[in-house]
Amino acid sequence: MTTAGWLQFAAFFIIIIALTKPLGSYMARVFEGERTWLSPVFAPVERFIYRLSGVRADEEMPWHVYALAMLAFSAVSLAWIYLVLRTQQWLPFNPQHFPNLAPDLAWNTAISFTTNTNWQFYSGESTMSYFSQMAALAWHNFVSAGVGIAISVAVIRGVARTTTKTIGNFWVDLTRCCLYLLLPICVIGTLVLVMQGVPQNFNAYHTVKTVEGAAQTITGGPMASQEVIKELGTNGGGFVNANSASPNENPTPFSNLFEMVMIFLIGASLTYMYGKMVKDTRQGWAIFAAMAIVFVAGFCIAYAFEGAGNPLIHQLGVNGPNMEGKECRLGVGASALFATVTTDTSCGAANSSHDSFMPLGGLVPLVNMQLGEVIFGGVGSGLYGMIVFVVLTVFIAGLMVGRTPEFLGKKIEKREVQFAILAILVTPVLVLIPSAIASVKHDALATLGNAGPHGLSEILYAFSSTNANNGSAFGGLGSNFFWNIATGVNMFFGRFAVAIPALALAGALAGKKAVAPGIGTFTTNSTIFVVLLVGTILIVGALTFFPADALGPIVEHLLMLQGKTF
Amino acid sequence: MLAQRRLERRPKSRPLLDRAILGPAILDSFKKLNPRAMARNPVMFIVEVGAAVTTLFLIRDLARHAPAGFDFAISAWLWFTVLFANLAEAMAEGRGKAQADALRRTKTETTARKVDGDRFTIVAANSLRKGDIVRIDAGEIIPADGDVIAGAATVDESAITGESAPVVRESGGDRSAVTGGTRVLSDSITVRVTANPGESFLDRMIALVEGAQRQKTPNEIALSILLSGLTIVFLIAVATLLPFSIYSGERQTVTVLIALLVCLIPTTIGGLLSAIGIAGMDRVMQRNVLAMSGRAVEAAGDVDTLLLDKTGTITLGARQAVEFITAEGIEQLEASRIAFYSSLSDETPEGRSIVALAERNGVSKEDALPDGATFVPFSAYTRMSGVDFGGTSIRKGAPDSILAWVRENGGDAQTNLAPDVERIARAGGTPLLLARNTQIVGVIHLKDILKPNMRDRFARLRAMGIRTVMITGDNPLTAAAIAGESGVDDFLAEATPETKMDLIKREQQAGRLVAMTGDGTNDAPALAQADVGVAMNSGTQAAKEAANMVDLDSDPTKLIEVVEIGKQLLMTRGALTTFSIANDVAKYFAILPAMFAAAYPAMNALNIMRLSTPQSAILSAIIFNALIIVALIPLALRGVDYKPRGANAVLRKNVLLYGLGGIIVPFIGIKIIDVILAVLHLT
């Protein structure tokens, strides 16, 4: 561990804290339908879109209509992406003449991008045409992020509103999110990245002769524009296979820091927006604090193990941190931080190979995802996942003050607990059951890169990543029919099986009366609540996976200490 | 001082470990193994299924003559786990049953004299139907619940209330309700039966305390859903461990997996949940309050606003004279004597207090009224009372009435006492003008006397976050003064049944839960509207029907205790849920290294308790899991300690005690059991 590593962490965290409030306030204005300083530019565009699509902007939806609109939109965009990938060889902007994708890979990729996962069983630079990259993938990076944020806004409305049936209009939320939030930041971000040297063109790939005399292909394409939304929308699907480890996608230390900030930016700001919308900004900071505690703890563990390095290599007389699978330009600190950031959120972009982390260093990304991506989390999905945990915490701990548990003055009763439990059940069901099947299934094990505990880690990582809509890969796992289908199904339910109960929960909460808080009521903005929330996330979220993880990374670590590797 | 004695009466408490209850409870806990009954409790049902499955494996091993000691131990302790949970429930029910039996003994078979037109027919009491009319004479037992429609009688209700002093029951008004099983002591009454056989107050009481009608309360249902959800989560975690163990090269036996499952699912709270609910109702019962449902007790814990009648709850029923202010030219002794005369025949508590004050002022008891004096009673029309003797008329009463009377007699109604009248009213007292013939003599200051310790009680309620509202028929001025003195948060003056109802609705509109007490028929709609309505047993049948609790002691301050019991009930649930979930940490560290001791000896690093052998580790965890249920039965029945404090202070304490404690205790407990097993060479 180095001072530079810690300083970079500190700089990153301070920037996030500083940006949370201004962007959060702006987002609150956007989603409350108030005028913003960008309204002169975007309001006419917005109105035009509504007129074109026949959306009545003032029409509010009950939760199930909202959910249906969200599902319908996702279904159509899923079909669109599948169609483009299956027909790309006849479509424009294909200078490398890439063929159409196979059905199972196209299905996997379509679900992957629709669900904001961006799990990639392909290498972008040798599979995707520029048209597919832009019209199918980058476009989805926008709208799948927009869908996530829209759902979280709807869920917050459910929490904030009283005695009403409606929680907003899906089409309006989606449109405003893309127009007022994602687009402006992406325009600026693209320029910043271009300034740092990220390519932005439609050229065919260059082949150059290196100093050593070998021929090297240098990819081009509209990379900078896709890079920003990849991070900002916590999508994570790289333009090229090496993702943010590639010097084209992530050329400088500044671009590295910039990309990490982009990943956390919206997730962190949503907490402040939440506080604004429920009219108690301390509520928002309480959630921010709970997220920050788990984030900092995760980073410290990952950095400690990566920084300490591999004892077996130390025995060979080679001292230093664990550099395997890391980009030398970036180093251990930036890699450990990036890995933590990208798995706390459902981003999944990577600037190092998580597969090559030390066993317990790699456990951090794994556990982050198994918690359900609520540590800042995927844009939107992190916050609504967190609200589910908040409801659960309120219910368990709230009883201890001697009242029926209340969340912001609303009683948590049968229906709310039901929906919260449904959402909580998704992660163990979708991570453990498919992993268990894969661990004893011949064709699943066939493409596994490693045996023993490390192999199990790869399986767990794959399903944790797809369920959490993260999309980062542990490597070492080859694509075949089983994996394409299984991870595809996993991503689909990982997204919608949480979003729908969360919306239902919002619908139930919106209909409730709220009592003004008194000294006898349980407060959800106190220090003790933050501690309880973290405790609930760790005990309910992580304990479920303890047996499985114990047989993967934990035992791998213990065996490594005895000199055994896999 | 009847009221005083009631206040001091302590709740009947029963020792936690009552031999008479424990015996049948043990028997009941076996009866409750019936899977159909167990299915009501998903968590414990899973444990029972697990116990049954491990037993089958045990039988298989025995048939194969394989070593079965470990399987036997696991299977036995799983059965114990189920039995211990059943025992907790049976003990809670047993305590209720003991109370029910005591009630049932008072339910004697009796006959009734049914009125048919102008004839009587003698019928069995249990053949009486709603609407029948019966006549009861002195010495007879009232055959059914009903309303007195003619006559008045003193009734001994000690069978129901435990209060030995007889009460008066009369037709009309708020004291017309009689309860089956009580005895008429004097006079005779005609009663219209209001309950069919089996539906009487006593029957319902017995059914309620026995738990026969027990339905899960809303919060209990929500908690059950949470516990079922957690059970499913752990079921998945444990079931998937079988393929993972095959992958890892050490296939786990079903017995070991079931042991892990039972350790992880929230058996502590799952096993004690229904006992907590039953015990909550039982504790209410011990304070002589009859809750019509567990839901009502639970709602009591949630109460935000408490409506309290001024008279009888905040103040003693009667006002007392505290001073005589004399008009110009009248001696204090003279005024006192006139006041004394005015009240000598006035048997109201106010009248008696005037006499007492006069005597303290030096009026001698021998100053009796001359013969031939006629007492003029108070009437709502004249609004004064007094006495006439030998040409002298003395009156005391409402100031405007007295002034009018003096004027009528041709006297001078001008008085310099107006400021005093004003002052007394402002201070929350009642001014009575005192006049003799044409002369105004002085003002009697009647004062409401607060019940002792009410200020403290309201402060306690405030600390719990409960707002108290005083309901009174007084004018706003008087009400404000008493409210200020007693320390209630708010008041409703010049209250009528309608304004009372409006207040409740307004509070409920704002999302608050309202509790109130009442006894009159005109309280019935408000009692029904309130979330927690406590009717006084001395009240009318209508009030009792509308309320969801009946206080057998008719002590309106009891509501405060009921609220505390409700809070304690919810806290106990939360504390044990937290404890139960926190326990899992230690159990993982006990069982996981043990499971994979052969495949991955390195995993022993996780055996931080240094448990002796893998088998002992698993067994210790299971034994701890079973014994902790027994250890917590007293807590479940008694409820967690409760002090009225703000939510954050209560939370901090409980989180430390049951959250942190829940993490630490099992580490110690499992280690101790492991050491004992090792010493006894049981593994």
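Reading the values: the criteria
- Residues numbered from 1 in each chain as written.
- Chains lettered and ligands numbered in written order.
- Predicted model: local features only at pLDDT ≥ 70, side-chain atom pairs only at ≥ 80, totals over all residues.
- Heavy atoms only, no water.
- Helix = DSSP H or I, 4+ residues; strand = E, 2+ residues; numbered from the N terminus.
- Rg over C-alpha atoms; globule rule 2.2 N^0.38 Å.
- Buried < 20%, exposed > 50% of the residue type's maximum accessible area, 1.4 Å probe, protein only.
- Contact = heavy atoms within 4.5 Å.
- Areas by Shrake-Rupley, 256 points an atom, 1.4 Å probe, with all protein chains shown as cover.
- 1 Å grid on protein atoms, 1.4 Å probe; cavity = no way out; pocket = protein on both sides within 12 Å on 5 of 7 lines; lining within 4 Å.
- Points joined across faces, edges and corners; volume = space filled by probe spheres on them.
- Axes fitted to C-alpha atoms, helices over the stretch in contact; angles between N-to-C directions.
- Parallel < 35°, antiparallel > 145°, perpendicular 65-115°, else oblique.
- Nonpolar A, V, L, I, M, F, W, Y, C, P; charged D, E, K, R; others polar.
- Patch = residues over 30% accessible without salt bridge, like charges linked within 9 Å, V, L, I, M, F, W, Y side chains within 5 Å.
- Salt bridge = Lys/Arg side-chain N within 4 Å of Asp/Glu carboxyl O.
- Phe/Tyr/Trp six-rings, centres within 6.5 Å; stacked < 30°, edge-to-face > 60°.
- Lys NZ or Arg CZ within 6 Å of the ring centre and 35° of its normal.
- Buried area = accessible area lost by both parts, 1.4 Å probe.
- Polar contact = N/O pair within 3.5 Å; in protein donor to acceptor, adjacent residues only side chain to side chain.
- Expected span 1.5 Å × (residues − 1).
- Bend = angle between axes of the 7 residues up to and from the residue.
- Core = buried A, V, L, I, M, F, W, Y, C linked by side-chain atoms within 4.5 Å.

## A few points about the overall build of chain B
Point 1. Each helix and strand in chain B was counted, giving 26 helices and 21 strands.
Point 2. The globule rule puts the C-alpha radius of gyration for 683 residues at 26 Å, and the 34 Å found for chain B is more than 25% above it.
Point 3. Counting over 683 residues, chain B shows a buried share of 55%.
Point 4. Long-range pairs, those at least 24 residues apart, make up 70% of the contacts in chain B with a sequence separation of at least 6.
Point 5. Accessible surface, chain B as shown: approximately 27,600 Å² in total, 57% of it carbon and sulfur.

## A closer look at the layout of surface pockets
A probe as big as a water molecule, rolled over the atoms, marks out the empty space that is left.
Point 1. Considering only enclosed or pocket space, the largest pocket measures out at about 1,100 Å³ in volume.
Point 2. Gly535, Leu538, Ile539, Ala542 and Leu543 of chain A are, among the 44 residues lining the largest pocket, the residues nearest its centre.
Point 3. Elements that contribute at least two residues to the lining of the largest pocket include exactly α10 (281-308), α13 (359-370), α14 (381-398), α19 (527-542) and α20 (546-561) of chain A together with α23 (558-582), α24 (584-595) and α26 (647-679) of chain B.
Point 4. For the lining of the largest pocket, the element with the highest residue contribution is α19 of chain A, accounting for 9 residues.

## Some words on the packing of helix α15 (residues 414-439) of chain A against helix α8 (residues 218-239) of chain B
Point 1. With their axes 9 Å apart at the nearest point, α15 of chain A and α8 of chain B run at an angle of 0° to one another. As the angle between them shows, α15 of chain A and α8 of chain B are arranged roughly parallel. Within the contact between the two elements, α15 of chain A uses Lys414, Val417, Gln418, Ile421, Leu425, Pro428, Val429, Leu432 and Ile433 of chain A and α8 of chain B uses Ile221, Ala222, Ile225, Leu226, Gly229, Ile232, Val233, Ile236 and Ala237 of chain B.
Point 2. Its residues placed into classes, the contact of α15 of chain A with α8 of chain B shows 15 nonpolar, 2 polar and 1 charged.

## Section: a nonpolar patch on the surface
Residues and elements named next belong to chain B.
Point 1. The grouping of Leu656, Leu660, Ile664, Ile668, Ile672, Val675, Ile676, Val679, Leu680 and Leu682 at the surface amounts to a nonpolar patch, some 940 Å² of accessible area in total.
Point 2. Considering the arrangement of structural elements, one finds Ile676 in helix α26.
Point 3. Given a relative accessible area of 44%, Ile676 falls into the partly exposed group.

## Some remarks on the packing of aromatic side chains
All names here are of chain A.
Point 1. Going through the model one piece at a time under the given rule, you end up with 38 aromatic pairs over all chains.
Point 2. Aromatic side chains Trp119 and Phe121 sit 5.2 Å apart centroid to centroid with 90° between the ring planes, which places their arrangement in the edge-to-face category. Phe121 shares its class with Trp119; the two are buried.
Point 3. For Arg176, the ring lying beneath its charged end belongs to Tyr180, and the centroid distance is 4.6 Å.
Point 4. Directly above the aromatic system of Phe357 lies the positively charged group of Lys326, at a separation of 4.3 Å from the ring centroid.

## Considerations on the interface of chain A and chain B
Point 1. Tallying the contact residues gives 60 residues for chain A and 63 residues for chain B.
Point 2. Contact with chain B buries area across many residues of chain A, yet Leu399, Met400 and Leu551 of chain A alone supply 14% of it, more than any other trio.
Point 3. Between chain A and chain B we count 2 salt bridges in total.
Point 4. Between Arg403 of chain A and Asp304 of chain B there is a salt bridge, with its nearest N and O atoms 2.7 Å apart.
Point 5. Our count for the chain A to chain B interface comes out at 11 residue pairs in polar contact (both at pLDDT 80 or more).
Point 6. Of all the secondary structure elements, the ones that give two or more residues to the side of chain A that touches chain B are α14, α15, α17 (452-467), α19 and α20 of chain A.
Point 7. It is α15 of chain A that contributes the most residues to the side of chain A that touches chain B, 12 residues altogether.
Point 8. Among the residues making up the side of chain A that touches chain B, the classes are represented as 41 nonpolar, 14 polar and 5 charged.

## Here's the deal with helix α9 (residues 253-277) of chain A
Residue and element names in this part refer to chain A.
Point 1. Over its 25 residues, α9 runs 36 Å from end to end, which matches the ideal 36 Å to within 8%, given 1.5 Å per residue.
Point 2. Along α9, the helix axis deviates most sharply at Leu265, where the bend reaches about 35°.
Point 3. In terms of burial, α9 is a largely internal element, 22 of the 25 residues being buried.

## Here we look at the pattern of salt bridges
Point 1. With the rule as written, the count across this model stands at 42 salt bridges over all chains.
Point 2. Residues Lys512 of chain A and Glu413 of chain A are paired through a salt bridge, measuring 2.6 Å at the closest nitrogen-oxygen approach. Note that Lys512 of chain A is positioned in the loop between α18 (481-510) and α19 and Glu413 of chain A in the loop between β4 (410-411) and α15, a separation of 99 residues in sequence.
Point 3. Overall, the relative accessible area of 33% leaves Glu413 of chain A in the partly exposed class.
Point 4. For Glu422 of chain B, the salt bridge goes to Arg426 of chain B, with nearest N and O atoms at 2.7 Å. With Glu422 of chain B and Arg426 of chain B both in helix α17 (residues 418-426) and 4 residues apart, this pair spans about one turn of that helix.
Point 5. The class for Arg426 of chain B is partly exposed, based on a relative accessible area of 49%.

## Points about the nonpolar core
Point 1. Among the nonpolar cores identified, the biggest contains 326 residues, and Phe12, Phe170, Leu182, Phe295, Phe407 and Trp483 of chain A together with Leu306 of chain B are the most heavily contacted of them.
Point 2. The greatest single-element share of this core, amounting to 17 residues, is contributed by helix α6 (residues 130-160) of chain A.
Point 3. Each residue touching Trp483 of chain A, except ones within four places of it in the same chain, is listed here: Asn108, Phe121, Ala438, Ala444, Thr447, Ile459, Ala462, Phe463, Leu477, Gly478 and Gly488 of chain A.
Point 4. Of all hydrophobic cores here, the second largest spans 35 residues; its members include Ala321, Ala327, Ile330 and Ala435 of chain B.

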